Structures are given as C-alpha cells and as structure tokens.
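For reference, the chains in residue letters:
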Amino acid sequence: MALISIQNLRKTYTIGEVAVQALRGVSLDIHAGEFVSIVGPSGSGKSTFMHMLGCLDRPDAGSYLLDGRDVSTLSRDELARVRNTMIGFVFQSFNLLPRTSALENVELPTLYSPDKLPAAARRAKAMAALKAVGLENRAHHHPNQLSGGQQQRVAIARALMTQPPILLADEPTGNLDTRTSIEVLEIFQQLREERGITVILITHERDIAEFGSRIVNFLDGVIVSDVANTSRRPGGELAPSARIA
Amino acid sequence: MSIAESFVVALKALKKNGLRSCLTLLGITIGVGAVLTMIAVGNGARASIEDQVTAAGMNIITITAGNYQMKGEEQGGGVADHQAAYRRPRFREPGRDVVAFDRAAAPARLRPARYDDADRPAFRLIAHPEDDPMEKHNHPTARERLGDSAAGLGAAATLTLDDARAIRKAIAGVQYVASGVHESARVTRGDRRWFTRLHGTEPDMPRIRRSWSLAHGRFFSDAELNGSRQVIVLGSIVAERLFGAAVDPVGDEVRLWNQPFTIVGVIASNSWATAGVVGDDQFDAIYVPVTTVQTLLNLTKLNTITVTSTSVATTTRVSRDVTKLLRARHGIGEEAPDDFVVRTQASTALGKGINPQIARAIAGNVPGLEQVTLEQLSTTLEKSSRTMTALLASVAAVSLLVGGIGVMNIMLLSVTERTREIGLRMALGARPRDVMLQFLAEAVTLSLAGGVIGIFVGLAASGGVRQLLRWSAVISPAAIAAAIVVAAGVGIFFGLYPARQAARLAPIDALRFE
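Below: a short report on this structure. Computed from a predicted model, the values in this text were never measured in an experiment.

Re the packing of helix α5 (residues 148–160) of chain A against helix α6 (residues 178–195) of chain A
Residue and element names in this part refer to chain A. Contact geometry for α5 and α6: axes closest at 9 Å, N-to-C directions at 20°. Between α5 and α6, the interaxial angle falls into the category roughly parallel. Crossing handedness for the pair α5 and α6: right-handed. Of the residues in α6, those in contact with Gly 149, Gln 152, Arg 153, Ile 156 and Leu 160 of α5 are Thr 180, Glu 183, Val 184, Ile 187, Phe 188, Leu 191 and Arg 195. Tallied by class, the residues present in the contact of α5 with α6 amount to 6 nonpolar, 3 polar and 3 charged.

Okay, structure coming up:
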C-alpha cells in the first residue's frame, strides 16, 4: 500500500471576488522510500498541493490517505500530531526562530511530541541531529551567525528530530547558492538511501528536480506528467543551466 | 507541552524582548505596589484612629465614690452617701453650712419613704467620714494633712480595695483596674517644695494612661504595693521643680507628710500634644502606692477606681456590669440610688455643653444612650476609615487595570509579530492549546513577575509611610498572597484574548504571514 494516496484533490481559494482553483482534481500515490520532485511554474498549484500533503491546509474535496488514514477528517489537534510525528518540514526561508540557538531550534519539535522526553534527553537528541548534518560545533550559534546553507542544515536537523517517515521540502534551495544547494540535496538523497525516508521536494527548477527518483509536473492545478527519473545525477554535478542559476 | 515547559518557553521569549518585558511588567508592579501600599496605609490609619480613641481614654471607666452629683437642691435628688451615713459618726465643720446626713439619727420627717420624694429636705455631704483625724487618727501626718483644707473633703467613702479586687476578678472584658486615693500634698526636697496632687494608685496605672512614658526609672511594682512601701513616682513637672530639668532623680529621696519617700521613676508625656503643664493633675502630680497612702493616713476607703475595658465596643457593657456588681456588694436595694458614680468618656461627652441635670436625666432615662453613642462612634470611625481604605485601594486598582491593559497590548503586539513563529510551531506539531498555553504563560509570567516586584515596592513604600507618618502601615501575609493571586489573575484575564487569537490562527495562514 502506498504511504500517501491522494484521490481527486480539489482546493479553491477566494481572493477578493475572484475564485482561484488552485487544485482541480489531483490524484497521486507516493510509496515509502521514494524521492519525488514536484515541479511547476508559480501558480501551478504545487505549493497548495504541498500544504495539503503537509496537513497545513484542508482540501475542499477529494481524499488524502496518509499511511492508510484519512487525514481530511482529522481535528486540529490530531492534525498537529500527524505533522509532529509523520512529516518533517524544510522551508525555503529556513524558518528558524531568531535569537535562539541552533540547538534550541532543533529541539523545538520534541517539545510538542507525544512521547515526553526529559530535557536532557531532548538536548542529547538535538545534538546528535546537528552532528548528522555536520553542525555540532555550531550548536550554540544563533541563526544570524550562520550561513544560509548552515541554517538550512539546522532546519533539516530539526525536521528529522521526531524521526518522521516523510520529509517535505518546499523550495529548500530557493535561498541558497548552487554549491550549498547541492549539499542540501545530497543530504536528502543520503537520508533516503540510509534511513529510507520518503522525500517530497517542491521546486520550480528542473535541475533541482532532477535529484528526485520521480518527477511530477504540475500545471494549472493538475498533474501533467508523472515520470520516473532514471537520469538521476550523482551528487556534485549540476546541469550548466543550474550553474548559471 | 506541559505547563512547566510553557513557562520555560515563555521566559525565553520574554528575555528576547528584555526591555519591552520590563516596561510591561512595570505597569503591573506599579499597580500591585500601589494597591498594597494603599491598603496598608488605610489599615494603618484605621489602627491609628483606634489607637487615638483608646489613648483618649474611650475605654476608661471611672468609678467615683459617693453620688454627690445628687445635690439636695435638685428635684428628685437624694443624699449621696446614705450607706456611709448609717455607720459613720457625724462630722461637722463649724461655721460651714454643711452636714453629713445620718439617716438613723435624722428626725422622722426628714426620713423619706422614697428617695425621689419631692419634698425631701436638702442635704449635702461635704466630708469624708474618715476625715476627722482629730478624733480617730493619731498618725503624725494626719494633723498636717488636716491643715490642708482641700484634702479629702467632699469624698464619700464607699469604695474599698475589695471592690477593686472584685471588679478585677468578676467582670469579663476588664483590662486593667487601678484603685485611687487622691489628695493634695506638699512634697519637699531639702528647701525646695512643691504643692501638687498626690495620687495613691496601683501599678496598672501607666498601662491605663496611654499617653504616659517613663522618662526615668520605672513605675512602682506589685511587691511595693503589697508591702505599702514608701516609694514615689514623680510627674515630670514635679521632678523639674524639685530637681531641675534633665536630672535623673531616681534613687533620690523626697519628703511627703514628713515621711521619706524613695523616688523610683519619673513619668512624662509621650506626645507633645499632651505635654505636662503646671496644674495638669497628671504630670504635675506624684504617684504613691495606694496602700502606702491608706496606711499613712489611716484610710480604708478609696476615692476612685479606674477600670479599662479590653475594647471600646465593650466599655458600656463593662460599666453596666461594674454598676451591678458594686450595687450588690454595697447592698443597695432596687429603689435606692447608687452610692457611687460610674463615668465613661461617652457619658461625660454626652453631658458636655448641656445642663448637667438634663444630661443626667437623659443618660439615666435612656438606658441604651451611652451604648448607642459609643458603638456609633466606634462603628462610624471604623466605617469611615474602611471607606477611605476602599477609596485609596480603588484608585490604586485603576493603575493595576492600566497595567493589565498594558500586558494585553504587548501580548497582542507579540502575537502579531510572531505570527510566523506560531505558524512554524504549528507546522512542527504544536496544537492550538500548546500555542495558547505558551502565550498565556508569557502574560502570566509578565504580570506575576510584576506582581512580585510590586510586593517589594509595596513593602518599601509602606515602610516609608511608617517612617514618615508613624502609622502602623503593615502589609499582612494575606495581602501578599492576595496580591500574587490578583497579579496572576490579571495575567490570565488580559492574556486570554491574545492567546486565543494566536491559537485560532490557521497554520498555513500563520506560516505565510508577511
């Protein structure tokens, strides 16, 4: 059974008087261990789709089965729990708490996790997570003392704190230069290979999408193509166009 | 997220905006501090008023021997010392139109069937039945005392030390009892002499007279009273006249009725308002154990008994009990008038400014009048100081309200400012109630911290008031506990709305908030 099973998902926003159909019947199955890149120009509905996937927003119609559970019927508290335990978020703008150390930022999800860890255990776990992204010596730095790549790695460490099966990355390289972008994407690949984490990457750049094992194309609120990506590049190389970008 | 964790998170968040947090909690600090201080000041004022009332002697009951208010000329008046008249020999001072009424010896037409007989002849008792030392006493001092025409005259001897003891023992609500014999006396030291008032009294007297303080030495003791010792306490005026100002005469000797008396202390006024003056009967006076006076003058009776009640409110009841007890002890029948006079400040005040006969008629015929006056006075004072406390506290409470609004304002601002943070926390798994708890914890932390600092401010301020106004402005532990509860309550009340606003945010809207 698929980890994520989406049937005919619809969402309409009303901006002023105009109703915008962001999703117009999207169906998609994602299996555990996949690295799915969702690509599309801005306004194609991929961000809205990602919010649905992350249980940050509810669809108007359609069903969303996450690990066999229909999350469209869950309460706000239950959704919070699902986000906490099932999904790790990585954002374009990192979304680290300002004036708060990297360590404390990484600790944040465990504050809300159902298994009540003592403070010392949380700290140790956060330290381990930082070590995994190679930032153990930056643990007590505040976000403004870290580079963009370092901040995003802190955010990845944070996303992995509750050991979720799914990592949801919304334009994770949007604010990074090419070199650090590759580093971040390599971490994703590594996580998928070593821990079997399902990675869902949302981007508008084809070259970034190429890192996935499967590329799903969005346009005007529908999926226009869904192909396996066999030309997956090993780390360290990017297409010339990406380099320019 | 547990409540404890919420407070840890709240504390961290508040520390990030240190100055802002401090200014916000300052509002609560001022509010709590002001309320506490005002309540302390109000209570202090109340205590101070109560102190002044008792210091003014509102709880003092004076029992005077004889009922010589009842002058024969008065309609319905009677003979004062009818009891004594039975037993005491007649004492007549030649050339003066005064008689001691000896009922047994009186002709039948003078013996009234009832004391209120309108046509009863007028008698006035003018002499202490024991005041004929020429006949009865052979004490060397008695002769000298006789020359002092004012001494003892007019006093009817009906009160005894046993009466005083009975009052002390049998009546509930009695605080202090001091029996008294009052004379005028000449006290000498070498060639200096001073004519003053002599009070034979008991060691409780300085406790009854709240305005007294001991300038030197001590008051005489129970042992000295029981042993009829020749010890003396001088009033400050007497001490000044005999020894000069600022001299400690304790241990020195003065002579009274040609007897040596050892000075054990000097009493003075503790307030400039009641400072001693010549002829004031308190500080221009000397104090000797009542037993000593009785021994030297061969007296068995007292002029007065002074009683204090434990509280102003019970003064009337105690005075009534005293009357009942003394009537019983003196074997006075129902029809007969008292052979003593019980006075309280209220009864004295009642009579002030009106014809004494009318005053007495009123006081005598309206039994509850004194009580009404005293209780009204004490409740009126109590009420007005309560009102003042409430007024002060409510003015201060306004500042607490303003402080609370300040907290709310900052919390609302904080929620708006940190919308993205709220969104992120929600994305990471914070439930609405986690968010709510976090912001509520911040508001409560702010106002609690403000409240605790406010308590210290209040303690300091009321301490200052105590120093400046000499009021007992004390903050009770209960007030401190209440302040903490109120501060937390203010935090919850004014933090609830902003916290709810934060918790109600949709995660995606919060996350995308610019």
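There's plenty left to go through after this.
Digging into the pairing of strand β3 (residues 174–189) of chain B
Residues and elements named next belong to chain B. As judged from the 6 bridges shared by β3 and strand β11 (residues 304–309), these two strands associate in the antiparallel manner. Across the sheet, the residue bridging to Tyr 176 is Thr 308, located in β11. Linking β3 back to strand β4 (residues 192–201) in an antiparallel pair, the connection comprises 2 residues, with Gly 190 at a positive phi of about 60°. Where β3 meets strand β7 (residues 253–256), 2 bridges bridge the pair, whose relative direction is antiparallel. Following the sheet pairing, Thr 188 is matched in β7 by Arg 255.

A short note on the environment of Thr 344 of chain B
All names here are of chain B. For Thr 344, the position within the fold is in strand β12 (residues 340–344). By relative accessible area, Thr 344 is classed as buried at 3%. In the structure, Thr 344 is positioned 286 residues away from Met 58 in sequence and 7.3 Å away in space, judged by C-alpha atoms.

Some details on empty space enclosed by the protein
Residue and element names in this part refer to chain B. For the structure shown, the criterion picks out 6 cavities of 30 Å³ or more. If you go around the second largest cavity, the residues you meet are Ala 13, Leu 14, Asn 17, Arg 20, Ser 21, Ile 410, Met 411, Ser 414, Arg 418, Glu 442 and Leu 446. Elements represented by at least two residues in the lining of the second largest cavity include exactly α1 (3–16), α2 (18–55), α14 (369–417) and α16 (432–469). The leading source of residues in the lining of the second largest cavity is α14, at 3 residues.

Comments concerning the packing of aromatic side chains
The full count for this structure, using the stated rule, is 7 aromatic pairs over all chains. Seen from their ring centres, Phe 49 of chain A and Phe 218 of chain A are 5.1 Å apart, and the 40° between their planes marks the pair as tilted. Taken as a pair, Phe 49 of chain A in helix α1 (residues 46–53) and Phe 218 of chain A in strand β9 (residues 214–219) lie far apart in primary sequence, 169 residues in all. According to the relative accessible area criterion, Phe 49 of chain A is buried, its value standing at 0%. A centroid spacing of 6.1 Å and a plane angle of 55° characterise the contact between Phe 219 of chain B and Tyr 287 of chain B, whose relative ring orientation is tilted.

Basis of the calculations
- Residues numbered from 1 in each chain as written.
- Chains lettered and ligands numbered in written order.
- Predicted model: local features only at pLDDT ≥ 70, side-chain atom pairs only at ≥ 80, totals over all residues.
- Heavy atoms only, no water.
- Axes fitted to C-alpha atoms, helices over the stretch in contact; angles between N-to-C directions.
- Helix = DSSP H or I, 4+ residues; strand = E, 2+ residues; numbered from the N terminus.
- Parallel < 35°, antiparallel > 145°, perpendicular 65-115°, else oblique.
- Left-handed = near helix turned anticlockwise from the far one by under 90°.
- Contact = heavy atoms within 4.5 Å.
- Nonpolar A, V, L, I, M, F, W, Y, C, P; charged D, E, K, R; others polar.
- Pairing = 2+ DSSP bridges.
- Buried < 20%, exposed > 50% of the residue type's maximum accessible area, 1.4 Å probe, protein only.
- 1 Å grid on protein atoms, 1.4 Å probe; cavity = no way out; pocket = protein on both sides within 12 Å on 5 of 7 lines; lining within 4 Å.
- Points joined across faces, edges and corners; volume = space filled by probe spheres on them.
- Phe/Tyr/Trp six-rings, centres within 6.5 Å; stacked < 30°, edge-to-face > 60°.

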